[in-house]
Amino acid sequence: MKHRVFIGSSKESEEIAITVSEFLSGDYECVVWNNGFFGINKGTYESLAKNAVAFDYAIYIGGKDDLSVRLKSRKVKISPRDNVYLELGLYAGILSPARSYFLIDEKCKIASDLLGITVLRYSNSQSLRDCCAQIKEKMWEESKLNRIQLLPSTSLAIGYFKNFLQNLEYILTSIDTIDICGHTYSVKNLPQSFEVIIPDTVDADWASWAVSYKKKHQLKEAVLNSQLRKVVVLLDYDALTKDQKLRLLDIPQTLRASFQAVDLVLGIDYIGRTAILDAAKKKEVNNFILTLNNMIKSCAHISSITTIRISSL
């Protein structure tokens, strides 16, 4: 799934917002504020705050929309609309300042509180394209990083890595046998592989999905013992008995907590699916995978044998 970008502006600057969307749309899924973003019977601020969880980045346009007067000096300056500042701050707080960008007309006076937020100046169509190219490069850099955000996918991936994968690495480098259905099998010197299976749906219940996946692929539960703790994983029994390969799998259930958090943030009081609900949950899945991939790189053995795979039943 492409990363999602929200583009906000005043009514007067919406053509600039559309131009930015057109420039980025080849690599990102862009949503401009005037394109059905605000729900019927919902307040503007409520929609902005709740829908933010479904986006990876935000871009706000500061156009030559208002005149501001400093009472003491009576100086008049060109400035963006006040609501643009408010909404930029809202998204910077939810997505982080590193993922919220301000494109402002070079003739506008900028608020001093924006120091530290990425601010780019444009004056014409070419400079606007140059600014978009810089934002695109910044978003590419950010796509390799993980940040703590409002929703818990980063923390859940860290917990899965610390509590499960690190223990699994210790066990796999030390065990000689495994227990399957009351029987003990020797696995000393067998080739090892480990797959983290991520369901390709955010609509189904992952617990029942895991049961169906295990049954369809005829997987067994294997108990791996160590001095520290036991670890239960799925095992490809045919690969072990016929091919003499230790192929292990796991379907993480920890992201179910993240899905529930999405429901709470969006105030879900209905049964069914919406585009914003699916987008928010898919974003959590993508961030979980990215975080896990980054952490796996620190474990030599796990890194050498592990694949994260998105799979259908």
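About the cut-offs
Residues numbered from 1 in each chain as written. Predicted model: local features only at pLDDT ≥ 70, side-chain atom pairs only at ≥ 80, totals over all residues. Heavy atoms only, no water. Buried < 20%, exposed > 50% of the residue type's maximum accessible area, 1.4 Å probe, protein only. Helix = DSSP H or I, 4+ residues; strand = E, 2+ residues; numbered from the N terminus. Arc of directions from axis to C-beta. Contact = heavy atoms within 4.5 Å. Axes fitted to C-alpha atoms, helices over the stretch in contact; angles between N-to-C directions. Parallel < 35°, antiparallel > 145°, perpendicular 65-115°, else oblique. Left-handed = near helix turned anticlockwise from the far one by under 90°. Nonpolar A, V, L, I, M, F, W, Y, C, P; charged D, E, K, R; others polar. Pairing = 2+ DSSP bridges. Patch = residues over 30% accessible without salt bridge, like charges linked within 9 Å, V, L, I, M, F, W, Y side chains within 5 Å. Areas by Shrake-Rupley, 256 points an atom, 1.4 Å probe, with all protein chains shown as cover. Salt bridge = Lys/Arg side-chain N within 4 Å of Asp/Glu carboxyl O.

**Observations regarding helix α1 (residues 14-24)**
Since one α-helical turn is 3.6 residues long, residues separated by three or four positions face the same way. What α1 keeps buried is the set Glu14, Ala17, Val20, Ser21 and Leu24. Along the long axis of α1, the arc covered by the buried residues comes to 115 degrees, so they all point the same way. Exposed and oriented more than 90 degrees from the buried face of α1 are Glu15 and Glu22. The elements touched by buried residues of α1 are β1 (4-8), β2 (29-32), β3 (57-62), β6 (100-105) and α4 (125-142).

**Structural notes on the packing of α1 against α4**
Two packed helices can be described by the angle between their axes and the distance between those axes. Closest axis-to-axis distance for the α1/α4 pair is 10 Å, and the angle between their directions is 50 degrees. Viewed along their axes, α1 and α4 adopt a mutual orientation that is oblique. Along this stretch, α1 crosses α4, giving a crossing that reads as right-handed. Every residue of α4 that contacts α1 at Ile16, Thr19, Val20, Phe23 and Leu24 is listed here: Leu128, Arg129, Cys132, Ala133, Lys136 and Met139. Residues belonging to the contact of α1 with α4 are distributed by class as follows: eight nonpolar, one polar and two charged.

**With respect to the pairing of β6**
For β6, the buried fraction is high: six of the six residues fall into the buried class. Going residue by residue along β6, you find Ser100, Phe102 and Ile104 tucked away on one face and Tyr101, Leu103 and Asp105 tucked away on the opposite face as well. As judged from the five bridges shared by β3 and β6, these two strands associate in the parallel manner. Paired with Tyr60 across the two strands is Phe102, which belongs to β6.

**A look at the packing of helix α2 (residues 44-51) against helix α3 (residues 82-95)**
At a minimum axis separation of 10 Å, α2 and α3 run at an interaxial angle of 25 degrees. On the basis of the axis angle, α2 is roughly parallel to α3. As α2 runs across α3, the sense of the crossing is right-handed. Together, Tyr45, Leu48, Ala49 and Asn51 of α2 and Glu87, Leu90, Tyr91 and Ile94 of α3 make up the contact between the two elements. A per-class count over the contact of α2 with α3 returns six nonpolar, one polar and one charged.

**Topic: the pairing of strand β11 (residues 219-225)**
Where strand β8 (residues 177-180) lies against β11, two bridges are found, and the strand directions are antiparallel. By the bridge assignment for β11, Asp179 is matched with Val223. Across seven bridges, the pairing between β11 and strand β12 (residues 230-236) is antiparallel. Its bridge partner being in β12, Leu224 is matched across the sheet by Val231.

**Here we look at a nonpolar patch on the surface**
A contiguous nonpolar patch, built from Leu67, Val69, Leu71, Val76 and Ile78 and spanning about 490 Å² of accessible area, is present on the exposed surface. Put simply, the parts of the chain that give the nonpolar patch at least two residues each are β4 (66-70) and β5 (75-79). Take Val76: it is sitting in strand β5.

**Looking at the pattern of salt bridges**
Taken as a whole and assessed by the stated rule, the structure comprises 17 salt bridges. Between Arg81 and Glu12 there is a salt bridge, with its nearest N and O atoms 3.6 Å apart. With a gap of 69 residues between them, Arg81 in the loop between β5 and α3 and Glu12 in the loop between β1 and α1 connect regions that are remote in the sequence. Given a relative accessible area of 29%, Arg81 falls into the partly exposed group. Between Arg99 and Glu142 there is a salt bridge whose closest N-O contact spans 2.7 Å. Taken together, the residues span a long stretch of sequence, with Arg99 in the loop between α3 and β6 and Glu142 in helix α4 at a distance of 43 residues. Like Arg99, the residue Glu142 is buried in the burial classification. Three or more residues joined by partner-sharing salt bridges are found here, namely Arg99, Lys138, Glu142 and Arg147.

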